[in-house]
Amino acid sequence: MTLPFFVYGTLRPGEPNYDLFLRGHTLREEPARLPRALLYDGPGYPYLVEEGEQEAAVHGDLVTARPEAYAQLLAVLDRLEEYTPGDPRNLYERVAREVTRGADGTAVRAWVYVAAPPVAARLRVRGRIIRGGDWTARRQESPPPPAAPHTT
């Protein structure tokens, strides 16, 4: 499946991993949100955890890759997120979800890296929720932690 990517952390435009991995490989980036999800603070990057709460949402960007760069970009992002299909040690899982475009409210199916089930369970018990679901707003309110090698 060739889908755009919903990014919500260090891969967002203006963030360090956007420049390292996405710049020059995309057709466009546009504001979007993923409903029924919470954002948790991680060690220099966030985790997205799917929840059933209607009012919860994570803010990010819908990134459309250049067709000629898509396969390579998908592999690079999977490595960055340390995602291997079926591996129980994954920190993230890559899943297809409906995200909402900020400009017109339309739903778009996109790849999203969500916290793997064991990670999500730990975060629900003792994680720190990023209020408002916006990583960049959180980073503007407090000094950023040291850059981490991976995350969405």
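This text follows the structure it describes.
Described below are features of the structure shown in this document. (Residues numbered from 1 in each chain as written. Predicted model: local features only at pLDDT ≥ 70, side-chain atom pairs only at ≥ 80, totals over all residues. Heavy atoms only, no water.)

### A look at unusual backbone geometry
Put simply, the test is: Secondary structure elements are taken from DSSP: a helix is a run of H or I of four residues or more, a strand is a run of E of two residues or more, and numbering for both begins at the N terminus. To sort residues, take the accessible area from a 1.4 Å probe on protein chains only and compare it with the maximum for the residue type: under 20% means buried, over 50% means exposed, and anything in between is partly exposed.
Its identity as a non-glycine residue notwithstanding, Arg36 has a phi of 60°, on the positive side. With respect to the helices, strands and loops of the structure, Arg36 is situated in the loop between β2 (26–35) and β3 (37–41). Despite not being glycine, Glu82 has its phi angle at roughly 55°, a positive value. In this structure, Glu82 sits in the loop between α2 (70–80) and β6 (92–101). Given the relative accessible area of 46%, Glu82 is considered partly exposed.

### Thoughts on the environment of Val63
The condition that has to hold: We call two residues in contact when some of their heavy atoms are within 4.5 Å.
Secondary-structure assignment places Val63 in strand β5 (residues 57–65). The class for Val63 is buried, based on a relative accessible area of 0%. The spatial distance from the C-alpha of Val63 to the C-alpha of Arg12 is 8.6 Å, given a sequence separation of 51 residues. Discounting residues that sit within four places of it in the chain, Val63 has contacts with Pro4, Phe5, Val7, Leu22, Thr26, Arg28 and Glu29.

### What to know about the pairing of strand β4 (residues 46–50)
Filter applied, for reference: Here, a strand pair is defined by DSSP locating no fewer than two bridges between the strands.
Of all 5 residues in β4, 4 are buried; the element is thus mostly enclosed. Taken together, the 5 bridges between β3 and β4 define a ladder with antiparallel strand orientation. Each residue of the ladder has a partner; that of Asp41, found in β4, is Pro46. Remark: 4 residues form the turn of the hairpin made by β3 and β4, two consecutive strands paired antiparallel; Gly44 in that turn has positive phi of roughly 100°.

These values are about where atoms sit, not about what they do.
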